[in-house]
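One letter stands for each residue in the lines below.
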Amino acid sequence: MTSLAQRTQHAWPDGARCVIGLTLDFDGTSLERGRDQLPFGARSHGRYSAKCGIPRFVDMFTRQEVPWTFYVSGYDAEESPDLVRSIARSGIEIGSHGYLHEGVDPGDAEPELLERTHKLLSDITGTAPKGWRSPSGHKTARTLHKLRELGYVYDSSDKDFDLPYLLRYGGQEHDNYLCLPNNTSSLDDFPFYRVSYTPPSEVLTHWMQEFDAIYAEGGYFNLTVHPRVGR
Ligand SMILES: [Zn+2]
């Protein structure tokens, strides 16, 4: 059987065997607000994320001194500016993640929403975000055109490859924009904690086995966690 490295002829910089992307989606109350739901009672998971989940993760990541990226929606940044500022100050990269965590393609409203979130995150953290993650999977040529105009250099939204790759749209490859695929089936806490209700010890075992397989192939391990579901 040929390995991933043999099939794709890729080599990581500096002789690295494998590359890891550790990411977290803030997903505060923007998610409920974007669905015209009140974020209280059984729908208050977004409030938990901002009040308890995010500060706990920030503390853990800064103690471990491991680089992470947090993807934040504009509405959540407006609601919790001090928290978002403290995340950035801790050294964690902030990427953008929609304004109201739009669940469907916002159509012609999207460029303004991308710009509004970009400005909010830039003003609050003092640094313009360079990365974006689609809040619900939608991504069109209109999205990419606006993101590139705003100075973004990557997004982590597609699920179509084992490795990062250069963006291709409009009939050409763009060497200044990278796609970092995220595996939302097996390297994401959401399906385990909200669909299969898998015990954390089994989730950890699963992720370690995934890592061992990806490492053996010289691949790309992109983990996504959501403090609103996995505590
Ligand atoms: Zn999200």
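See the structure shown above.
Residues numbered from 1 in each chain as written. Predicted model: local features only at pLDDT ≥ 70, side-chain atom pairs only at ≥ 80, totals over all residues. Heavy atoms only, no water.

Peer 1: So what's going on with the coordination of the zinc ion? Which residues, and what values?
Peer 2: Around the zinc ion, the donor atoms from the protein are Asp 27 (OD), Asp 27 (OD), His 97 (NE2) and His 101 (NE2), and they sit 2.1 to 2.6 Å away. For the zinc ion, the 4 donor atoms in the first shell make angles of 53 to 137° at the metal, a pattern classed as irregular. Motif for the zinc ion, donor spacing along one chain: D-x69-H-x3-H. When its relative accessible area of 1% is taken as the criterion, His 97 is described as buried. (Donors = N, O, S within 2.8 Å, 3.2 Å for Na, K, Ca; no water. Tetrahedral: all angles 85-135°; square planar, octahedral: opposite > 155°, others 65-115°. Buried < 20%, exposed > 50% of the residue type's maximum accessible area, 1.4 Å probe, protein only.)

Peer 1: Kindly report on helix 9 (residues 200-216), identifying the contributing residues and their values.
Peer 2: For helix 9, spanning 17 residues, the distance from its first C-alpha to its last is 24 Å, which sits close to the expected 24 Å at 1.5 Å a residue. Among the residues of helix 9, those classed as buried are Val 203, Trp 207 and Ile 214. Projected onto a plane normal to the axis of helix 9, the buried residues spread over an arc of 30° and lie on a single side. Along helix 9, the residues that are exposed and aim more than 90 degrees away from the buried face are Ser 201, Gln 209, Asp 212 and Ala 216. Of the surrounding secondary structure, the elements contacted by the buried residues of helix 9 are helix 8 (189-194) and strand 8 (220-225). Following helix 9 by one or two positions, Gly 218 has its phi on the positive side, about 70°. (Helix = DSSP H or I, 4+ residues; strand = E, 2+ residues; numbered from the N terminus. Expected span 1.5 Å × (residues − 1). Arc of directions from axis to C-beta. Contact = heavy atoms within 4.5 Å.)

Peer 1: Any details on the layout of surface pockets? Residues and values, ideally.
Peer 2: Each pocket or cavity is described by its volume, and for the largest pocket that value is around 530 Å³. Surrounding the largest pocket, 28 residues form its lining, Asp 27, Leu 31, His 101, Phe 190 and His 226 being those nearest its centre. Counting residues per element, the ones that place at least two in the lining of the largest pocket are helix 2 (30-33) and helix 8. With 3 residues, the single largest contributor to the lining of the largest pocket is helix 8. Residue composition of the lining of the largest pocket, by class: 6 nonpolar, 12 polar and 10 charged. (1 Å grid on protein atoms, 1.4 Å probe; cavity = no way out; pocket = protein on both sides within 12 Å on 5 of 7 lines; lining within 4 Å. Points joined across faces, edges and corners; volume = space filled by probe spheres on them. Nonpolar A, V, L, I, M, F, W, Y, C, P; charged D, E, K, R; others polar.)

Peer 1: How would you explain empty space enclosed by the protein if you had to name every residue and give the values?
Peer 2: Rolled over the atoms, a probe with the dimensions of a water molecule shows which regions are left empty. With the rule as written, the count across this model stands at 1 cavity of 30 Å³ or more. Quantified by volume, the largest cavity comes out at close to 50 Å³. Together, Gly 98, Tyr 99, Glu 102, Pro 106, Glu 110, Leu 113, Leu 114, Trp 132, Pro 135 and His 138 line the largest cavity. The leading source of residues in the lining of the largest cavity is helix 6 (residues 110-125), at 3 residues. Looking at the lining of the largest cavity, its residues break down into 6 nonpolar, 2 polar and 2 charged.

Peer 1: Give me the lowdown on the nonpolar core, citing residues and values where you can.
Peer 2: If you look at the biggest cluster of nonpolar residues, it comprises 29 residues, and the most contacted ones within it are Leu 24, Ile 54, Trp 68, Phe 70, Val 72, Val 84 and Ile 87. Listed by contribution, the elements that provide at least two residues to this core are strand 1 (19-25), helix 3 (45-64), strand 2 (69-72), helix 5 (81-89), helix 6, helix 8, helix 9 and strand 8. Of all the elements, helix 3 adds the most residues to this core, at 4 residues. Ignoring anything within four residues of it in the chain, the contact list for Ile 54 reads Leu 24, Phe 26, Ser 49, Phe 70, Leu 83, Ile 87 and Pro 227. Counting 10 residues, the second-largest nonpolar core is a separate cluster that includes Leu 147, Leu 150, Tyr 177 and Cys 179. (Core = buried A, V, L, I, M, F, W, Y, C linked by side-chain atoms within 4.5 Å.)

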